[in-house]
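Summary of structural features
Here's the letter readout for the chains.
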Amino acid sequence: MAEKKNNAPAAKKKPTAADLKAAAAQLEEKETGVKKNTAILRVIAFVLWALAAVAMYLPQIGDTNWPFGAVRMLFMNATVECIVDLIVAGVLCVVAARLWVKANHIHPTKLHNPVLQFIWNQLGVLMAGVIFAPLAIILIQKNEKIDPKLKKIVAAVLAVVFLAAAAGSADYHPTTQDAVDQVLEQTEDFGIHSDSTVYVTKYGYKHHYYEDCQALKNSNTVQAVTLQEAVEGHHSDVCSFCATRAAKDAGVTESVEEALQPAA
Ligand SMILES: [Zn+2]
């Protein structure tokens, strides 16, 4: 009989650390009744993407010649302003994308279509493409108004900024609500309750389920509070190490090492 058990059909795909972290966050929401506001993160992300577009394409407004609008600066042969605008746009793209990813790691996409899931999770990379592509098209076209030397410099900077922005915007541990639901199905509860004791530090913004968590080793400001107090304070994020370990203790995964492996 025991042998037969070993030949049981392979378990479903192992949850990734990102799946487990989102599952822990959602369990906490249920337990504490405090909803994590991810909508605001998404709104700020779109505002920052809009500002990146402004840094790239702000037209002349009235008589005021703002130093923003990389394309306008290019046509004015203002090399330094053009390059600075490109870098500002790149930084805004990355910050926007990180906020988008942070929201996704708490409330992942509910879409079931793998293509749409990919678009949702890697929206930051796509937005960087949308924001930088028009300048690339302008640079490819023949245009006598732009100094050829400046054109080459701007093309090189654009390539570097775009690649850096894309790399900084990608979600390397994407998750979906389907994957999170699978975790939640496997265990009703990680043993997380609103009055559970968790550990926070004075300067950290995460809370920990385990006092001996490796992330707490070097802190001398560890304090025990209830989960409710932690999430209502400024410690609303759960530590990845602790979320994974709690999942392991609840029997969701066989080993922490396996759980921390990104999905194949
Ligand atoms: Zn921890």
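Provided above is the structure to which this section pertains.
Residues numbered from 1 in each chain as written. Predicted model: local features only at pLDDT ≥ 70, side-chain atom pairs only at ≥ 80, totals over all residues.

1. With respect to the nonpolar core
Short version of the rule: One nonpolar core equals one set of buried Ala, Val, Leu, Ile, Met, Phe, Trp, Tyr and Cys residues connected by C-beta atoms within 7 Å. Put simply, a residue is buried when 20 or more other C-beta atoms lie within 10 Å of its own C-beta and exposed when 12 or fewer do; between those, it is partly exposed, and each C-beta is set from the backbone. Domain borders in the structure are assigned automatically or taken from a domain database. Two residues qualify as being in contact provided that their C-beta atoms, derived from the backbone, are within 7 Å of each other.
Counting 64 residues, the largest nonpolar core has Ala52, Ala70, Ala89, Cys93, Ala96, Ala128 and Ile131 as its most contacted members. Counting contributing residues, this core receives three or more from each of domain 1 (2-16 + 176-260) and domain 2 (38-169). Setting aside chain neighbours within four positions, we find Ala70 in contact with Ala55, Met56, Cys82, Asp85, Leu86, Ala89 and Leu135.

2. Here we look at helix α2 (residues 17-32)
Selection criterion: Strands are runs of DSSP state E lasting at least two residues, helices are runs of H or I lasting at least four, and both sets are numbered from the N terminus onward. The span expected for a helix works out to 1.5 Å for each residue beyond the first.
In this model α2 runs 22 Å from its N-terminal to its C-terminal C-alpha over 16 residues, within 8% of the 22 Å that 1.5 Å per residue would give. Most of α2 is tucked away, with 12 of its 16 residues classed as buried. Residues Ala17, Ala18, Asp19, Leu20, Lys21, Ala22, Ala23, Ala24, Ala25, Leu27, Glu28 and Thr32 constitute the buried set of α2. Positioned one or two residues after α2, Gly33 has a phi angle of 70°, which is positive.

3. Regarding the packing of helix α7 (residues 123-140) against helix α8 (residues 148-169)
As a reminder of what qualifies: Lines fitted to C-alpha atoms define the axes, with helix axes restricted to the stretch in contact, and inter-axis angles between N-to-C directions lie between 0 and 180 degrees. Oblique is the label for any angle not under 35 degrees, not over 145, and not in the 65 to 115 range, which are roughly parallel, roughly antiparallel and roughly perpendicular in turn. Three residue categories are used. Nonpolar comprises Ala, Val, Leu, Ile, Met, Phe, Trp, Tyr, Cys and Pro, charged comprises Asp, Glu, Lys and Arg, and polar comprises the others, including Gly.
Here α7 crosses α8 at 170°, and the two axes come no closer than 9 Å. Relative to α8, α7 is oriented roughly antiparallel. From α7, Gly124, Val125, Ala128, Phe132, Leu135, Ala136 and Leu139 reach across to α8, where they touch Lys151, Val154, Ala155, Leu158, Phe162, Ala165, Ala166 and Ser169. Residue classes in the contact of α7 with α8 are distributed as 12 nonpolar, two polar and one charged.

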